Structures are given as C-alpha cells and as structure tokens.
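Chain by chain, the residues run as shown.
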Amino acid sequence: MLESLNNDPMILLKALVFLAVATLAFAVMIAIRAREALRRRAARINGEASGELQGLQNTGMRAAQRIVDYANKHYASLGSEDLKILRRRLLNAGIYNPQAVAYFFIARAICAITFAAIAFFAAPLIGISSSTSLWLSLIFGGMLGYLAPGLYLDRRTKALRLEYRSAFPDFMDLLVVSSDAGLSIEAALDRVRGELSEPYPSFATNIHMTNLEIRAGRALTEALEHLAERLGLDEAHSFATLIKQSDELGSSIGDTLRVYSDDMRHKRLSRAEEKAHSLPAKLTIPMMVCVFPVLFI
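Computed from a prediction, not measured in an experiment: that's the story for all the values here. (Residues numbered from 1 in each chain as written. Predicted model: local features only at pLDDT ≥ 70, side-chain atom pairs only at ≥ 80, totals over all residues. Heavy atoms only, no water.)

## Overview of the overall build of the chain
Per the secondary structure count, the chain includes 10 helices and 0 strands. The linear arrangement of helices and strands in the chain, starting from the amino end, is α-α-α-α-α-α-α-α-α-α. In the chain, buried positions account for 25% of the 297 residues. Summarising the internal contacts of the chain: among those between residues at least 6 apart in sequence, 60% fall at separations of at least 24. Carbon together with sulfur atoms contributes 65% to the accessible area of the chain, which is approximately 20300 Å² in total. (Helix = DSSP H or I, 4+ residues; strand = E, 2+ residues; numbered from the N terminus. Buried < 20%, exposed > 50% of the residue type's maximum accessible area, 1.4 Å probe, protein only. Contact = heavy atoms within 4.5 Å. Areas by Shrake-Rupley, 256 points an atom, 1.4 Å probe, with all protein chains shown as cover.)

Given below as structure tokens:
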C-alpha cells in the first residue's frame, strides 16, 4: 500500500485534503458550540440582570407613586383658598393632571434642595469662603429653587394666553360660519376644534374638553364657563356670559355670535395698532444707546 501511495501521488494529495477538510470542519463545529454556549450564558446573565433592573425600577416607581399619593392626599385635604388658586394656575398653564398639585409641591421641594446644594458647592469656587456669605448663598439658592416652579407656571401661562388671545377671533369667525351653515352650537364647536387643531393645538384641546363635558350631560353655558376658566381670558368670560344671556332671553345665537365676532375682530385690530404706535417709544432707548453715540463719534 505504501508502494501504491509512493507510485500514485494523487492518492496522497486526496488523503491530505480530506484530513485538512475534516480538521477544519471539526474546528468550526467546536467554535460554533462554544459560541452557542457563550450566547446562552450571556442571555441567562442578561435575563437575571434585566429582572433585577426591572425589579429595581418597579420598586422605585412604587416608592415615587407612594410619595405622590401621600402629597396629593395631604394637600387635597387642606381645601384652602390658596390651593384653589394653585389649581386654577395649573389649569391656565395647560396642566390638567388630577395629581398636578402634588407634583407641583414635590417639584418645589426638589428644586429648593437642588438649588441650595448647587449654591453650597459653587460658593467656594467663586471665592465665597466666609460662613455668613456661604449661608446667604445657600438661602438664596433655596429660595430660587422654591420659586422656580411658580415662575415656570407663570411663563407657560403667559405663552398659552398669547396663543389663546390670537386664536379667539378665529374661533369666533369659524363659529359664526358654522352657525350660518345650520350647525348647532355643539356641532359647531366640534367642527371648529378640528379646524384649529393644527395652528392652535392648546386652544383646540380646551375646545375638545368642552365638547366632552357637553356629551357627558353638562349644560352648554356651564361648559363654556369652565372653558373660560381654563383659558383665563376676559373675552372667553364675556362669550360665556353672552351665550348664557342669549339662551335665557331666547334671542338668536347666530346674530349674537356675529356681533361678538365683529367685536373680537375690532379688538384684534386695536391691539395691532396699539403695538404699532408703541414701537417708536420702544426704539428710543436702543437708538440712544447704539445709534446716536456712533453718529456723534
């Protein structure tokens, strides 16, 4: 057989190729099995870690929810006038969560502690070393954090009120058009909400809430009064009063809406003219500070 192998080199080459292929296949099989075992082990470890992480997240969420429930129960039981004012401020800022009062007080406490800690650690970095100055900076940071949520609410309310004031004349015009088309006031509100959802999303959300109140069985005048409270606009309060009087006296709601829509359009024009007339007075100080010194030089 050795003589045949020596005489026929092709047989020797085939044997070597077979051994090489078999060795390579065996090595690939071992590598695949080792990789599969490593993948199963990693999946088991990740599952255990994700389970522990999920358990920690659930524990943290339960603890946070317990704190929110306690704060909501504590502050809801007070029933003071200040709490009613705070709820009205939250509604005007577009926050409709029933637990918003609890979140507000928790955010106030967290911001006060955080700002005080920042002031405490930042004071030595800016050269404040005396104990009196350090305590003053600590008190100032705590007061700033305490007032930060209220300032945020005021800023958000102001921005939303600008949107509401800009949207209200368009709302009245669309309401008049819908009323002239033969729609009832409830159907007209639903139609107007769809038209204003893109340019004025917050205003459309308030109208949608009014529609839901009407569908739930609340009277139209009461739902419009709640809308005026959420918007915080004098125009909305006047509109609710106008609809109430028109309903009580039995007059035409379409004519009432048309007259009030014209009044809203004139008010918008008056506000634009007022801004245009106040522009030269506002430009006086920038011109004196920036333009006149350059001209004098």
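## As for the packing of aromatic side chains
The geometry of two aromatic rings is summed up by the distance between their centres and the angle between their planes. Following the criterion strictly, the structure yields 8 aromatic pairs and no others. Each ring, one from phenylalanine 168 and one from phenylalanine 171, has its centre 5.5 Å from the other, and the planes form 50°; the classification is tilted. Taken together, the residues phenylalanine 168 and phenylalanine 171, both in helix 5 (residues 131-180) and 3 residues apart, mark about one turn of the helix. In this pair, the class of phenylalanine 168 matches that of phenylalanine 171, namely buried. A relative accessible area of 2% places phenylalanine 168 in the buried class. Here the aromatic cluster, defined as three or more aromatic residues joined through ring pairs, consists of Tyr164, Phe168, Phe171, Phe203, Phe239 and Tyr260. (Phe/Tyr/Trp six-rings, centres within 6.5 Å; stacked < 30°, edge-to-face > 60°.)

## What to know about empty space enclosed by the protein
It is the rolling of a water-molecule-sized probe over the atoms that shows where space remains empty. Counting across every chain of the model gives 1 cavity of 30 Å³ or more. In this model, the largest cavity occupies a volume close to 30 Å³. Surrounding the largest cavity, Arg165, Phe168, Pro169, Glu235, Met264, Lys267 and Arg271 form its lining. Counting only elements with at least two residues in the lining of the largest cavity, the list comes to helix 5 and helix 10 (253-296). Of the residues contributing to the lining of the largest cavity, the split by class is 3 nonpolar, no polar and 4 charged. (1 Å grid on protein atoms, 1.4 Å probe; cavity = no way out; pocket = protein on both sides within 12 Å on 5 of 7 lines; lining within 4 Å. Points joined across faces, edges and corners; volume = space filled by probe spheres on them. Nonpolar A, V, L, I, M, F, W, Y, C, P; charged D, E, K, R; others polar.)

## Here we look at helix 6 (residues 185-196)
Relative to the 16 Å expected for 12 residues at 1.5 Å per residue, helix 6 spans 16 Å between its end C-alpha atoms, a close match to the ideal helical length. Here helix 6 has its buried residues at Ile185, Ala188, Leu189, Val192 and Leu196. Along the long axis of helix 6, the arc covered by the buried residues comes to 100°, so they all point the same way. Elements that come into contact with the buried residues of helix 6 comprise helix 5, helix 7 (201-215), helix 8 (220-231) and helix 10. (Expected span 1.5 Å × (residues − 1). Arc of directions from axis to C-beta.)

## Focus on the layout of surface pockets
Considering only enclosed or pocket space, the largest pocket measures out at about 180 Å³ in volume. Lining the largest pocket, in full, are Leu162, Arg165, Ser166, Arg268, Arg271, Ala272 and Lys275. The set of elements that each furnish at least two residues to the lining of the largest pocket consists of helix 5 and helix 10. The leading source of residues in the lining of the largest pocket is helix 10, at 4 residues.

## Section: helix 4 (residues 100-122)
The end-to-end C-alpha distance of helix 4 is 32 Å, a good match for the 33 Å that 23 residues give at a rise of 1.5 Å each. Listed in full, the buried residues belonging to helix 4 are Ala100, Val101, Ala102, Phe104, Phe105, Arg108, Ala112, Ala116 and Ala119.

## Notes on the environment of alanine 204
Mapping alanine 204 onto the fold places it in helix 7. On the basis of relative accessibility, which here comes to 3%, the residue alanine 204 falls in the buried class. For alanine 204 and glycine 194, which are 10 residues apart along the polypeptide, the C-alpha to C-alpha distance reads 7.4 Å. Setting aside chain neighbours within four positions, we find alanine 204 in contact with Arg193, Leu196 and Ser197.

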